[in-house]
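Observations on the three-dimensional arrangement
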Amino acid sequence: VLFSCIFLGMEKLVNCPYKRPNALCRLICFPWAAGGTSQFAQWGKLFSSSIEVSSIRLPGRESRLKEPFAKDMTTVVNEITRVLLKELQEKPFAFFGHSFGSYISFAVALHLKEKYGLEPIHLFVSGAHAPNSEAFLPIKSIPISDAEDEDILKHIQILGGTPSELLQNEDIKNHLVLTFREDLRVLQTFSFEKAESNIHFSCDITCFNGTEDKPHDLEAWHDLTSGDISFYKLPGGHFYLLEPSNEIFLAKHITRCIENAGL
């Protein structure tokens, strides 16, 4: 029964169309706010056979549309850990998160380290502040409950990444606004106080950003790991990573980092 529960949990939570049971490492990707899994799941095609790529699917979207949204970061982290723990104990893994997904990937990595002594061999973060940075704090004070749908929609349009024809469809637009609102609510429940927790990572962290995106405070990542930190800017705005040429760069660079981790 436990096996079937975990299997069903895996089918719901993880999208991995290019399964590679013999891969040396798993790359688990965490999408942006209101994002689905299709983009990252397709990355499997870009990577060599030594890396299996999957994408995390949160409730309230895609095949989990009918499920209630997660209420807080702890719920999100607990579900991901419960479903993936056995796999993560079996072979090395790396995390890639973009924007909201960066914070989720960090929260999951922190939980795995504190509770199970497990950590990714490499943490790749994109389009986000370091979670211990002052720059992260304003996100926590956005009045989500009072925000008008129109304001949220404007914010989504400014960030980009959503094809404008999708926003012409009333149902899709409304669901996107709702999902974005709920994801932001989850993010606001995440509090990370470095003083409380001296659990440093020892893995390397790589931070990617778009040249045209608003600047993110990345220096504070230095305080979170004893590993190396590196920074890369790729041409484009907040969703620079949807450009095919940038995807190819990311795939090659991530592969090199993982292979250099001496698996």
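Structure's up top.
Before going into details, it helps to say that this report is about the structure given with it. (Residues numbered from 1 in each chain as written. Predicted model: local features only at pLDDT ≥ 70, side-chain atom pairs only at ≥ 80, totals over all residues. Heavy atoms only, no water.)

Re the overall build of the protein chain
Going by this rule: Comment: elements are numbered from the N terminus, with helices defined as DSSP H or I runs of at least four residues and strands as E runs of at least two. Within these notes, the globule rule equals 2.2 Å times the number of residues to the 0.38 power, and the radius of gyration is based on C-alpha atoms. Here the term buried applies to any residue with accessible area under 20% of the maximum for its type, exposed to any over 50%, and partly exposed to those in between, with areas from a 1.4 Å probe on protein chains only. Residue-level accessible areas treat just the shown protein chains as cover; the underlying method is Shrake-Rupley with a 1.4 Å probe.
Secondary structure summary: the protein chain contains nine helices and seven strands in total. Radius of gyration (C-alpha) of the protein chain: 17 Å, near the 18 Å computed for a compact globule of 263 residues. Across its three principal axes, the protein chain shows a C-alpha extent of roughly 50 × 45 × 40 Å. Buried residues in the protein chain amount to 52% of all 263 residues. If you sum the accessible surface of the protein chain, you get close to 12,600 Å²; carbon and sulfur atoms cover 55% of it.

Quick notes on the nonpolar core
Definition in use: Nine residue types can take part in a nonpolar core, namely buried Ala, Val, Leu, Ile, Met, Phe, Trp, Tyr and Cys, and a core is a set of them joined through side-chain atoms within 4.5 Å. For this analysis, residues touch if any pair of their heavy atoms sits within 4.5 Å.
By size, the foremost hydrophobic cluster in this structure holds 59 residues, and its most contacted members are I56, I80, L84, F95, I104, F106 and W221. If one sorts the elements of this core by residue count, helix 4 (residues 100-116) sits on top with nine residues. The residues contacting I80, other than those within four sequence positions of it, are L13, F30, I56, L58, I104 and V108. The next biggest cluster of nonpolar side chains, apart from the first, holds 22 residues, and it includes C25, F96, F239 and L250.

Considerations on the pairing of strand 4 (residues 93-98)
Note the cut-off: Strands pair, by our definition, only if DSSP identifies at least two bridges between them. By definition, the crossover connecting two strands over a helix is right-handed if that path, from the first strand to the second, turns clockwise as seen with the strands pointing away from the viewer.
Of all the six residues making up strand 4, six are buried; the element is thus mostly covered by neighbouring parts of the structure. The alternating pattern of strand 4 places F93, F95 and G97 on one face and A94, F96 and H98 on the opposite face, and all of these are buried. When strand 2 (residues 25-30) meets strand 4, the two strands line up parallel, connected through five bridges. Bridging from a neighbouring strand, I28 pairs with F95 of strand 4. In this structure, strand 4 lies alongside strand 5 (residues 122-126), joined through five bridges in parallel fashion. Among the inter-strand pairings, H98 is bridged to a residue of strand 5, identified as S126. Taking the sense of rotation as the criterion, the β-α-β connection linking strand 4, helix 4 and strand 5 turns out right-handed.

What to know about helix 4
For an α-helix, 3.6 residues make a turn, and residues three or four places apart therefore share a direction. Rules: Multiplying one less than the number of residues by 1.5 Å gives the expected span of a helix.
The terminal C-alpha atoms of helix 4 lie 24 Å apart, and with 17 residues this matches the ideal 24 Å at 1.5 Å per residue to within 8%. Burial within helix 4 is extensive, with 13 of its 17 residues counted as buried. Of the residues trailing helix 4, G117 is marked for its positive phi of about 65°.

What about a negative patch on the surface?
To be explicit about the condition: Residues form patches when they are more than 30% accessible in relative terms and have no salt bridge. Like charges link within 9 Å. Nonpolar side chains (Val, Leu, Ile, Met, Phe, Trp, Tyr) link within 5 Å. What makes a salt bridge here is a side-chain nitrogen of Lys or Arg within 4 Å of a carboxyl oxygen of Asp or Glu, nothing more. Positive charges come from Lys and Arg, negative ones from Asp and Glu, while His and the chain ends are left out of the count. By convention, charge coordinates are those of NZ in Lys, CZ in Arg, CG in Asp, or CD in Glu.
A grouping of D146, E148, E150 and D151 is seen on the molecular surface, where their side chains present a negatively charged patch. Mapped onto the fold, D146 is located in the loop between helix 5 (137-140) and helix 6 (149-159).

With respect to the sheet that holds strand 6 (residues 204-210)
Strand order in this open sheet of seven strands is 1-3-2-4-5-6-7, and the pairing throughout is mixed. What marks the edges here is a single partner per strand, and that holds for strand 1 (14-15) and strand 7 (229-234). Relative to strand 6, strand 5 is paired through five bridges, and the arrangement is parallel. Residue H122 lies in a different strand from strand 6, and its bridge partner there is D204.

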